[in-house]
Amino acid sequence: YQYCKPRYGKRIYALKGAKPVEAPAVTKRDAKRSKYKTTFFMIGVNYLKDVVWSNLSITVPGPTYTHFPKNKKFDDNFFEQLISEKRDNTGRWKKRKPTVRNEAFDLMVYTRATLEITGVNISKLKGPMFYNQTSQPKRKRRIISKGVI
C-alpha cells in the first residue's frame, strides 16, 4: 500500500480482495478510513472470477471471447493455472488441489478489476489492445545538415 500511495496519479492502484461472496466488482475505499492512509480498491473476487470464467468458457470468437496468442509463454502450465479453481456450493472459489498454482487465473481477475476501475469498455475499442509485431514503427526524418550560417 505504501508503494502505491505516491503513484496513485499514475494509475498504480492498491487492491485488496473482499471477503463477502456478494461483494460488488470494485469498491473504492477512502484514504481516511485506511490503515495505511492511502486510497485502495476492494475487489469482489468471487464476482470477477465468475465473469472471467464465463468469458473463458465462450468457444466462438466474438464479444467477450478470450484470445490467447500462440506463444511459448502460454504453455500447458499456464492453462492449468487458469482452470486451477472451481466454485463450491457456498459461491466461493477454491483450488481444485492444494498444490496447484493459480497465478494465471488471479491475474486475469485483477486485469478485469483494473478494467472496471479505469472504466475502459473493451467492446468499444477499435484496434488491438496489444502491440502488433507485424507493424513497423514510423521512421523519423534524419537531418543531415542544418546549413551554414
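Right above here is the structure, for reference.
All figures in this text were calculated on a predicted structure; none of them were measured in a lab.

> Just to check I follow, could you spell out the overall build of the protein for this structure?
The number of helices and strands found in the protein is three helices and five strands. When the helices and strands of the protein are listed from N to C terminus, the series reads β-β-β-α-α-β-β-α. Relative to its 149 residues, the protein shows a buried fraction of 23%. In the protein, the share of contacts with a sequence separation of at least 24, taken over all contacts with a separation of at least 6, comes to 51%. Roughly 12300 Å² of accessible area belongs to the protein as shown, and the carbon and sulfur atoms make up 54% of that amount.

> Quick question: what am I supposed to make of the nonpolar core here?
Across soluble globular proteins, nonpolar side chains show a tendency to be buried alongside one another. If you look at the biggest cluster of nonpolar residues, it comprises 13 residues, and the most contacted ones within it are Ile 43, Leu 48, Leu 82 and Phe 105. Counting only elements with at least two residues in this core, the list comes to strand 3 (40-43), helix 1 (45-56), helix 2 (76-82) and helix 3 (103-118). If you tally residues by element for this core, the top one is helix 3, at five residues. Residue contacts for Leu 82: discarding those within four places in its chain leaves Trp 53, Leu 56, Phe 68, Ala 104, Phe 105 and Met 108. Grouped together as the second largest cluster of nonpolar side chains are six residues, Ala 14, Ala 18, Ala 23 and Phe 40 included.

> Is there a simple way to explain helix 3 in this structure?
Side chains of residues three or four places apart in an α-helix project in the same direction, reflecting 3.6 residues per turn. For helix 3, which comprises 16 residues, the first-to-last C-alpha distance of 22 Å matches the rise-based estimate of 22 Å (1.5 Å per residue) to within 8%. Of the positions making up helix 3, those classed as buried are Ala 104, Phe 105, Val 109, Ala 113, Leu 115 and Ile 117.

> Hey, could you run me through a positive patch on the surface in this one?
Taken together, the side chains of Lys 16, Lys 19, Lys 35, Arg 92 and Lys 94 make up a positively charged region of the molecular surface. Here Lys 19 lies in the loop between strand 1 (14-17) and strand 2 (26-29).

> Which parts of the structure should I look at to understand the side chain of Lys 49?
Within the secondary structure, Lys 49 sits in helix 1. Those residues in contact with Lys 49 that sit more than four places away from it in its chain are Glu 85, Trp 93, Phe 105, Asp 106 and Val 109.

> What exactly am I supposed to notice about the environment of Phe 40 here?
In this structure, Phe 40 sits in strand 3. The class for Phe 40 is buried, based on a relative accessible area of 11%. Filtering out sequence-adjacent residues up to four positions away, Phe 40 remains in contact with Tyr 1, Ala 14, Lys 16, Thr 27, Lys 28, Arg 29 and Ser 34.

Scoring rules and cut-offs
Residues numbered from 1 in each chain as written. Predicted model: local features only at pLDDT ≥ 70, side-chain atom pairs only at ≥ 80, totals over all residues. Heavy atoms only, no water. Helix = DSSP H or I, 4+ residues; strand = E, 2+ residues; numbered from the N terminus. Buried < 20%, exposed > 50% of the residue type's maximum accessible area, 1.4 Å probe, protein only. Contact = heavy atoms within 4.5 Å. Areas by Shrake-Rupley, 256 points an atom, 1.4 Å probe, with all protein chains shown as cover. Core = buried A, V, L, I, M, F, W, Y, C linked by side-chain atoms within 4.5 Å. Expected span 1.5 Å × (residues − 1). Patch = residues over 30% accessible without salt bridge, like charges linked within 9 Å, V, L, I, M, F, W, Y side chains within 5 Å. Salt bridge = Lys/Arg side-chain N within 4 Å of Asp/Glu carboxyl O. Lys, Arg positive; Asp, Glu negative; His and termini not counted. Charge placed at Lys NZ, Arg CZ, Asp CG, Glu CD.

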